[in-house]
Amino acid sequence: MAQGRVFRNAEIVTLATRDGLGLIASGAIVVEAGRIVFVGRDADLPTSATSGYPHVDCGGRLVTPGLIDCHTHLVHGGSRAWEFEERLRGTSYAQISAQGGGILSTVKATRTATDTSLLASAKRRVDALVAEGVTTIEIKSGYGLDRETELRMLRVARALATAGNVDIASTFLGLHALPPEYAGNGDAYVDHVCRDILPAVAAEGLAESVDGFCESIAFSPEQIARFFNAARAIGLPVRLHADQLSNLHGARLAADYSALSADHLEYSDEDGVMAMAASGTTAVLLPGAFYTLREKTLPPVDLLRRHGVPMAIATDCNPGTSPMTSILLAMNMAATLFGLTIEECLDGVTRNAAAALGRSDRIGVIAPGAQGDLAIWDVSSPAELVYRLGFNPLHARIRRGS
Ligand code: DI6
Ligand code: FE
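Since the model is a prediction, treat every value here as computed from it, not as a measurement. (Residues numbered from 1 in each chain as written. Chains lettered and ligands numbered in written order. Predicted model: local features only at pLDDT ≥ 70, side-chain atom pairs only at ≥ 80, totals over all residues. Heavy atoms only, no water.)

(A) Layout of the overall build of the protein. In terms of helices and strands, the protein carries 16 helices and 15 strands. The dimensions of the protein, computed from C-alpha atoms along their principal axes, are 70 × 40 × 40 Å. For the protein, the residues scored as buried account for 58% of the 402 residues in total. Partitioning the intrachain contacts of the protein with sequence separation of at least 6 by distance along the chain shows that 71% fall at a separation of at least 24. (Helix = DSSP H or I, 4+ residues; strand = E, 2+ residues; numbered from the N terminus. Buried < 20%, exposed > 50% of the residue type's maximum accessible area, 1.4 Å probe, protein only. Contact = heavy atoms within 4.5 Å.)

Below, the structure is given as structure tokens:
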């Protein structure tokens, strides 16, 4: 007989209805062989499900889908605390990158780190997210920028699934920064990524999507388009760091390639937002980077709402612009800094985050057929999950039913 478990006496935030939280008071959930087979009122539990399987009394607690952090760079060597200090003295992120700091200093530290130390340092960051009810984490490469190190980063990301007891979605961030070997020769690096690194990533099945950084300090829209064409040719979906520091029309570019997501978007305009709506691209908002860089330009939340673009929220966990390992803090920042509602915050770390990963069929909601990934909270209302800073009310995390 299949393994199963019955969760009873729960206030369930299913997120399975089109609008609203899809709340079920005094609810029950049955998970069988890792998948949800029943969700509804406790009183309506099928009698076949009440016998046999162990019952868990949730004590009237709030139950949400397991949370999803859909944008992180949490595998990397080194630390950038010195750069934080430098910024406190008034040097800008762009100035630091131009001086060979920024992303490239993490590239140096990542290339020289052993696999063991990369895994160990990343696992501590994974553990922090998992402790807050996270059951799926996206992890990008992008601090290797050579074939060997990019592949190593993605293998470490894959190993974190077992090491961290969490689902991992890995992304090949081939165009993150120009490595020193290609200084002044961006087009040659793009060729190298498309011809030599991307095929190796695909051959080993190490990534389920690709990503790039479209910015004046990184790669041009034309270079990103060449990379996206190569990804499309081998059937990998794309995502994009778009319009974070300036408007290079990255939102539209992402939409033109039916991207799963366009991320950051502080400088995106209405044309870009409309294109995203038409292509079904999810907007991933990253308030940790906005906060760390003390940005002033807000992402166009009203436009995203008006055009019906789904909004996800993620930590962007990275050593430079968002050294954050708290998805709850990301929700709080999205509310306080970007003006998202409680419902939008919850959607942002569940079903919309699932869409950004192309996993809407499996995770992000509590519904029959979905993976049995749940978070059980010691809170009296959904708003309580968002409003505290630095407090973790997780009671239990359930991954695939256990
Ligand atoms: N945008 C970001 O905010 C991070 N990467 C990116 O493309 C920054 C990563 C870093 O500074 O190390
Ligand atoms: Fe990022």
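(B) Representation of the site of ligand 1 in the model. Neighbouring ligand 1 are 14 residues; Arg80, Tyr93, Tyr143, His176 and Thr321 lie closest to it. The contact in question runs from an oxygen atom of ligand 1 to an N or O atom on the side chain of Arg80, over 2.8 Å. Take Gln244: an N or O atom from its side chain is 3.2 Å from a nitrogen atom of ligand 1. Contact with the protein chains removes 100% of the 320 Å² of surface that ligand 1 exposes when unbound. Here the residues of the shell around ligand 1 are counted per class, giving four nonpolar, eight polar and two charged. (Near = heavy atom within 4 Å. Polar contact = N/O pair within 3.5 Å; in protein donor to acceptor, adjacent residues only side chain to side chain. Areas by Shrake-Rupley, 256 points an atom, 1.4 Å probe, with all protein chains shown as cover. Nonpolar A, V, L, I, M, F, W, Y, C, P; charged D, E, K, R; others polar.)

(C) Looking closely at the pattern of salt bridges. As enumerated under the stated definition, the model contains 29 salt bridges in all. Residue Asp191 pairs with Arg226 through a salt bridge whose shortest N-O separation is 2.5 Å. A residue pair is termed long-range when its members are at least 10 positions apart, and Asp191 in helix 7 (residues 186-203) and Arg226 in helix 8 (residues 221-233) qualify at 35 residues. Judged by relative accessible area, which is 27%, Asp191 ranks as partly exposed. The network of salt bridges with common partners includes Glu138, Lys140, Asp211, Arg239 and Asp263. (Salt bridge = Lys/Arg side-chain N within 4 Å of Asp/Glu carboxyl O.)

(D) Broad picture of unusual backbone geometry. The phi torsion at His249 lies on the positive side, around 60°, for a residue other than glycine. When you line up the elements, His249 lands in the loop between strand 10 (239-242) and helix 9 (250-256). Classification of His249 as partly exposed rests on a relative accessible area of 43%. Phi at Arg400 is positive, roughly 50°, even though this residue is not glycine. In this fold, Arg400 is placed in the segment after strand 15 (394-398).

(E) Broad picture of the sheet that holds strand 12 (residues 282-285). Spatial strand order, 6-7-8-9-10-11-12-13: eight strands in an open sheet with parallel pairing. With partners counted over all chains shown, the strands left at the sheet margins are strand 6 (67-69) and strand 13 (311-313), one partner each. Across this sheet, the average inter-strand angle for adjacent strands is 25°, counted without regard to direction. In terms of strand pairing, strand 9 (residues 209-214) meets strand 10 through two bridges, oriented parallel. Bridging from a neighbouring strand, Cys214 pairs with Ala242 of strand 10. Set on the sheet, helix 7 makes contact with strand 8 (167-175) and strand 9; between it and strand 8 the angle comes to about 155°. (Pairing = 2+ DSSP bridges. Axes fitted to C-alpha atoms, helices over the stretch in contact; angles between N-to-C directions.)

(F) Geometry of the domain arrangement of the protein. Domain boundaries assigned for the protein yield domain 1 (4-66 + 364-398) and domain 2 (67-356). For domain 1 versus domain 2, the distance between C-alpha centres works out to 30 Å. Across the contact, 28 residues belong to domain 1 and 26 residues belong to domain 2. With both chains or domains summed, domain 1 and domain 2 bury close to 1,900 Å², and 61% of this area falls on carbon and sulfur atoms. Remark: the boundary between domain 1 and domain 2 carries 12 residue pairs in polar contact (both at pLDDT 80 or more). (Domains from an automatic or database assignment. Buried area = accessible area lost by both parts, 1.4 Å probe.)

(G) Molecular detail of helix 7. Its 18 residues give helix 7 an end-to-end C-alpha distance of 25 Å, which sits within 8% of 26 Å, the value for a rise of 1.5 Å per residue. Most pronounced at Val193, the bend in helix 7 amounts to some 40°. Considered for burial, the residues of helix 7 that qualify are Gly186, Tyr189, Val190, His192, Val193, Cys194, Ile197, Leu198, Ala200 and Val201. On its buried side, helix 7 packs onto helix 6 (147-164), strand 8, strand 9 and helix 8. Phi turns positive, to about 60°, at Gly205, one or two residues after helix 7. (Expected span 1.5 Å × (residues − 1). Bend = angle between axes of the 7 residues up to and from the residue.)

(H) Broad picture of the pairing of strand 11 (residues 261-264). As judged from the four bridges shared by strand 10 and strand 11, these two strands associate in the parallel manner. Looking at strand 11, one finds that Leu240 is bridged to Ala262. As judged from the three bridges shared by strand 11 and strand 12, these two strands associate in the parallel manner. Opposite Ser261, over in strand 12, you have Thr282 as the bridge partner. This β-α-β element, strand 11 to helix 10 (residues 270-279) to strand 12, shows right-handed connectivity. (Right-handed = clockwise from strand over helix to strand, strands pointing away.)

(I) Seen up close, the packing of aromatic side chains. Under the definition given, this model contains six aromatic pairs. A centroid spacing of 5.0 Å and a plane angle of 80° characterise the contact between Phe290 and Phe338, whose relative ring orientation is edge-to-face. With a gap of 48 residues between them, Phe290 in helix 11 (residues 287-292) and Phe338 in the loop between helix 13 (327-336) and helix 14 (342-348) connect regions that are remote in the sequence. For the pair Phe290 and Phe338, one class covers both residues: buried. Among the aromatic side chains, those forming a connected cluster through ring pairs are Phe172, Phe227, Phe228 and Tyr257. (Phe/Tyr/Trp six-rings, centres within 6.5 Å; stacked < 30°, edge-to-face > 60°.)

(J) The environment of Ala161, seen in detail. Summarising the element assignment, Ala161 is placed in helix 6. In the structure, Ala161 is positioned 61 residues away from Glu222 in sequence and 35 Å away in space, judged by C-alpha atoms. Among all residues touching Ala161, those that are not within four sequence positions of it are Val166 and Ile168.

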